[in-house]
Amino acid sequence: MSNMLITGGAGFIGVNAADHFLGQGWEVTIFDNFSRKGTDINLAFLEGKYQSGLEVVRGDIRTDQDTLNFLCNDADVVLHLAAQVAVTTSVTDPREDFEINAFGTFNVLEAIRQSAAKPTLIYASTNKVYGGLESVGVDEGERRYSFADGLRGVTEDMLLDFHSPYGCSKGAADQYVRDYSRLYDMKTVVLRQSCIYGPHQMGIEDQGWVAWFMIATLFNRPVTIYGNGKQVRDLLYVDDLVAAYDSCIKNIDTISGQVFNMGGGSDNTLSLIEFLDFLKNDLQMNVEYSFGGVRPGDQPIFVSDNSKFMQATGWSPKFDTTKGIANLLEWLKENQGDLQQFYS
Ligand SMILES: NC(=O)c1ccc[n+]([C@@H]2O[C@H](COP(=O)([O-])OP(=O)(O)OC[C@H]3O[C@@H](n4cnc5c(N)ncnc54)[C@H](O)[C@@H]3O)[C@@H](O)[C@H]2O)c1
């Protein structure tokens, strides 16, 4: 039996990870301050599904150092997901963003460094560490941007260029995790995640756009497209991300200390306009939308080149966007009653 600590385990990615690892027989401890709306729904789901193996600790990564020390001492793996996750919120309250994402991650690192057990740390970083990708040539097509010069995706040697307080706080944490691995011989992996989507994602206008567009349609809420809607994102279904976490653990002896880009890759890309078309034509969902100004630091196109991680671990994404989006819609419809409190 192995023990996993998941910070932010009651959030979207956390609940999916907890579900997976509990199903594999792990003992899972969720550490979360339940600040994100919908975390109670996620917790009720896990508690209904698993009668044993799950422990829940309410706490804050900014302030509860003693609890983190205690929990890290007891863990084999720490999956660090707790974060302030919206770029827009980071701009209006950069101090809170820094305290949660940078200082909170520092607290988790210190807890592991000082533990006897020295658990493996997997850190959920972000493609935002590459900033606006101004150095990359981009062509503008009718419905989407594409990379110029035949580039298929962004690799890990792209220049780091933190934009927005969120980019800075997550990027600082990303570099701290790398350096703690070098300095203190800790077992770590940093995954720079692209857009993740799937069941349990209670997206809002500021974060989780795939789920948000669908939720807005179900609850008759209007959507604002910031920019011209030709922005392209690679989408990774959450089960594929969780499978990647699993691969990190299994391959930790060979990949420790490394950083990997982690997204849907060039086979799973959509522009916002293409996604709206897909919702309309394939799922008969008519999104009511209007256009707003471009958001600062918004990348015209981001596609992850996953080849480094694929070669290192043998992992590859299994869900295409058609299947993944259908699964998300099914979950949203099944849970529409519970979601009503947040969206109607
Ligand atoms: N979802 C994505 O597309 C995406 C993309 C790139 C990176 N990430 C990263 O993945 C991680 C998980 O993202 P998510 O989409 O599941 O977000 P989420 O908001 O659903 O989950 C974050 C969780 O952290 C908790 N939390 C926030 N502040 C906390 C604090 N101070 N102490 C303890 N818990 C706290 C929240 O209550 C929530 O349950 C984050 O680190 C995020 O930056 C997500």
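The shown structure was predicted, so the numbers you read here are calculated from the model rather than taken from an experiment.

Draft legend 1. Just the overall build of the chain, in detail. When you go through the chain residue by residue, the secondary structure sums to 13 helices and 15 strands. For the chain, the C-alpha radius of gyration of 19 Å lies close to 20 Å, the compact-globule estimate for 344 residues. C-alpha atoms of the chain, sized along the principal axes, occupy 55 × 45 × 40 Å. Taking all 344 residues of the chain together, the buried fraction comes to 45%. Counting contacts in the chain only where the partners sit at least 6 residues apart, residues at least 24 apart contribute 83% of the total.

Draft legend 2. Spotlight on the nonpolar core. With 78 residues, the main nonpolar core has M4, I6, V78, L79, I122, Y197 and L241 as its most contacted residues. Beyond its immediate stretch of four places on either side in the chain, I6 contacts G14, A17, A18, V28, I30, L79 and L81. Ranked by size, the runner-up nonpolar core spans 9 residues in total, among them F147, V232, I301 and F302.

Draft legend 3. Spatial organisation of the environment of V294. Note that V294 resides in the loop between strand 14 (289–292) and strand 15 (301–302). Looking at V294, the number of C-beta atoms within 10 Å reads 12, which means it is exposed. Sequence separation between V294 and G229 is 65 residues; the distance between their C-alpha atoms is 9.5 Å. Contact partners of V294, with chain neighbours within four places excluded, come to Y226 and G227.

Draft legend 4. Structural view of the site of the ligand. Around the ligand sit 28 residues in total, of which G8, G11, I13, A83 and A124 are the nearest. Elements represented by at least two residues in the shell around the ligand include exactly helix 1 (12–23), helix 5 (94–113), strand 5 (120–126) and strand 9 (195–197). Top contributing element to the shell around the ligand by residue count: helix 1, with 3 residues. Here the shell around the ligand is built from residues that sort into 13 nonpolar, 10 polar and 5 charged.

Draft legend 5. Representation of the packing of helix 5 against helix 6 (residues 164–184) within the structure. Where helix 5 contacts helix 6, the axes come no closer than 8 Å and their chain directions differ by 15°. Considered as vectors, helix 5 and helix 6 are oriented roughly parallel to each other. As for how helix 5 packs across helix 6, the hand of that crossing is right-handed. For the pair formed by helix 5 and helix 6, the contact residues are P94, D97, F98, N101, A102, T105, F106, L109 and R113 on the first element and P165, Y166, S169, K170, A172, A173, Y176, V177, Y180 and Y184 on the second. For the contact of helix 5 with helix 6, the per-class residue count stands at 13 nonpolar, 3 polar and 3 charged.

Draft legend 6. Representation of the sheet that holds strand 12 (residues 258–262) within the structure. Spatially, 3-2-1-4-5-8-12 is the arrangement adopted by the 7 strands of the open sheet, whose pairing is parallel. Both outer strands of the open sheet, strand 3 (54–58) and strand 12, are each paired with one neighbouring strand and no more. The mean inter-strand angle of the sheet, taken between neighbouring strand axes irrespective of direction, is 20°. Where strand 4 (residues 77–80) and strand 5 come together, 4 bridges link them in parallel fashion. The partner of V78 across the bridge, within strand 5, is L121. Its contacts with the sheet put helix 6 on strand 5, strand 8 (188–193) and strand 12, and the angle it makes with strand 5 is roughly 150°.

Draft legend 7. Region of interest: unusual backbone geometry. Positive phi is not limited to glycine here, since K118 has a value of about 45°. Inspection of the secondary structure puts K118 in the loop between helix 5 and strand 5. Despite not being glycine, H200 shows a phi value in the positive range, around 75°.

Thresholds applied
- Residues numbered from 1 in each chain as written.
- Predicted model: local features only at pLDDT ≥ 70, side-chain atom pairs only at ≥ 80, totals over all residues.
- Helix = DSSP H or I, 4+ residues; strand = E, 2+ residues; numbered from the N terminus.
- Rg over C-alpha atoms; globule rule 2.2 N^0.38 Å.
- Buried ≥ 20, exposed ≤ 12 C-beta atoms within 10 Å, placed from the backbone.
- Contact = placed C-beta atoms within 7 Å.
- Core = buried A, V, L, I, M, F, W, Y, C linked by C-beta atoms within 7 Å.
- Near = placed C-beta within 6 Å.
- Nonpolar A, V, L, I, M, F, W, Y, C, P; charged D, E, K, R; others polar.
- Axes fitted to C-alpha atoms, helices over the stretch in contact; angles between N-to-C directions.
- Parallel < 35°, antiparallel > 145°, perpendicular 65-115°, else oblique.
- Left-handed = near helix turned anticlockwise from the far one by under 90°.
- Pairing = 2+ DSSP bridges.

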